[in-house]
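Structural overview for review
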Amino acid sequence: MKNDPFLNAQKQIDNVAKFIEIDKRTLAKIKQPDRVLKADLKVKMDNGKTRIFKAFRSQHNNSRGPYKGGIRYHANVSESEVKALSTWMTWKCATVGIPYGGSKGGIIVDPKTLSQTELEKLSRAYMRAFHKHFGAFKDVPAPDVNTSGVEMSWMLDEYEKLVGHQEPGMITGKPLELGGSQGRTEATGLGGFYVLEQLTKAKKLNKKKTTIAVQGVGNVGYWFIEFAKKAGYQVVAWSNSKGGEYKGKKITNEELLELPVDVLVPAALENQITKDNAVKIKAKYIIEMANGPVTPEADEILHKKGIISLPDVLCNAGGVTVSYFEWAQNNSGYYWTKDEVFAKLKEIMDTAFKEVWKIYQSKKSLPVSGGVNPRTAAYILAVDRVVKAMRLRGR
Ligand code: NAD
């Protein structure tokens, strides 16, 4: 298959393997998830008929800590997609150095066609099917596309009924009332803002003169803009699914991507910068807040043009980092203030940026594959950490 996401994830691993110490057996191992669980979930619908929904959980690697990854509800969910996403979660957690492995789950369903009662039954059925493989120290799910604290609450309740004890750390992204963390709403946008601040330092940019365009003002884009504006950056353009605005004039989403700004922030969907429009990008820097907004072909074009594209595994890791804080708070039964959460998030994002940047600076001019871009630099950091943990465990 041409655009198989899991094949892409495997190709990326082969590419990174050139730069790290890794034996053939370990390389083969990290190119496959540890296990892929599948189930047919039976749900009695409101009209009395039974429907079957296909569900997956892919657990990629747990050498650095419990598996961690969201559960998405979408018509396009597939085995290949969850396998790829679980692999990318392993690298994301390793990039920012939080003690987790990677996993991902999903159900093939368009949730908009289901009633609340049907959604609740489906979420509980998912937990019944896979509960033996979940747990605070086994595999910790979270919300993803089309899921939120609502589904997490049902799943936590179902899990606790099945195991017979309370265990809030088995799932994150919970509402505050059930042990969610302060600051989770702002976390991803704020994490991206910390990356912007580090980039400003590294490239000695003048904040007040730095212009920014943001594609997608949803949860992530909104908070990124709020923090960036407050710090004095010039957010000159923004958009949502209906279109955007640049200096008071209406523009399309395609036009937004090609604006002559300093920093472009795709914060909406995957595959926005492709081989077709990469040549037209005028921004000097890209901060990837969405997952996978730049295709692999576009990545190469941007790198050749000298555009520095900071990867999603770094830029949007603020979300999973505050999920990690939620888990840490649940496991200790002691809760932090929003200021504490923000300060701890800053420390983790700043350190991760510096570590990725150092590898990028040392390898960007290597003759291999035309030099290393920031994405490969982050992958070198992440894959090396996972491989070292596997070696220590004797795997
Ligand atoms: P969201 O649903 O809150 O917002 C998405 C925004 O994108 C909306 O404003 C929507 O109008 C806009 N949009 C949709 N199609 C568009 C298009 N074609 N052009 C421009 N804008 C468009 O979602 P979110 O939680 O903000 O997530 C955004 C991205 O960030 C996703 O790729 C998601 O996977 C990723 N992400 C989110 C989190 C998180 O904590 N929410 C964490 C990591 C990664």
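All chains use their own residue numbering, which begins from 1 and follows the written sequence. At least 70 in pLDDT is required for a residue's local features to be given in this predicted model, at least 80 for side-chain atom pairs to be given and counted, and no such filter applies to totals for whole chains, interfaces and linings, which use all residues. Based on all heavy atoms of the structure, the side-chain values leave hydrogens and waters out of the count.

The strands making up a sheet associate through hydrogen bonds between their backbones, and the pairing can be parallel or antiparallel. The pairing criterion for strands is at least two bridges between them, as found by DSSP. For the purposes of this entry, the term helix denotes a DSSP run of H or I that reaches at least four residues, the term strand denotes a run of E that reaches at least two, and both are numbered from the N terminus. As summarised here, the arrangement of the seven strands in space is β9-β8-β7-β6-β10-β11-β12, forming an open sheet in which the pairing is mixed. The sheet is open, and its two edges are formed by β9 (249–251) and β12 (308–310), each paired on a single side. Taken over all neighbouring pairs, the strand axes of this sheet differ in orientation by 20° on average, direction set aside. Bridge analysis of strand β6 (residues 211–215) against strand β7 (residues 234–240) gives five bridges, and the strand direction is parallel. Looking across to β7, one finds that A213 is bridged to A237. The strands that helix α7 (residues 219–230) touches are β6, β7, β10 (263–266) and β11 (285–287); relative to β6, the one it contacts most, it runs at about 165°. With axes taken as lines fitted to C-alpha atoms, and helix axes fitted only over the stretch in contact, angles between N-to-C directions fall between 0 and 180 degrees. It only takes one pair of heavy atoms within 4.5 Å for two residues to be counted as in contact.

This next bit is on the site of the ligand. Lining the immediate environment of the ligand, one finds 19 residues, of which T188, N219, V220, S241 and N253 sit closest. Separating an oxygen atom of the ligand from a side-chain N or O atom of T188 is a distance of 2.6 Å. Only the protein chains shown count as cover for residues, with accessible areas throughout obtained via the Shrake-Rupley method and a probe of 1.4 Å. When the ligand is considered free in solution it has 830 Å² of accessible area, and contact with the protein chains removes 70% of it. Among the secondary structure elements, those contributing two or more residues to the shell around the ligand are α6 (184–202), α7 and β7. Under this grouping Gly is polar, as are all residues other than the nonpolar Ala, Val, Leu, Ile, Met, Phe, Trp, Tyr, Cys and Pro and the charged Asp, Glu, Lys and Arg. Of the residues contributing to the shell around the ligand, the split by class is seven nonpolar, 11 polar and one charged. Near residues are defined by distance, with any heavy atom within 4 Å of the molecule or strand qualifying the residue. Any pair of N or O atoms that falls within 3.5 Å is considered a polar contact. Within protein, one atom must be able to donate a hydrogen and the other to accept it, and sequence-neighbouring residues count only if both atoms are side-chain atoms.

Here we take up the sheet that holds strand β3 (residues 67–74). Taken in spatial order, the five strands line up as β1-β2-β4-β3-β5 in an open sheet, and their pairing is mixed. Whereas interior strands pair on both sides, the edge strands pair on one side only; in this sheet they are β1 (35–44) and β5 (139–143). In this sheet, neighbouring strand axes are inclined to one another by 20° on average, regardless of whether the strands run parallel or antiparallel. Helix-sheet contacts for helix α4 (residues 116–130) involve β1, β2 (50–61), β3 and β4 (102–108), and the interaxial angle to β1 is about 140°.

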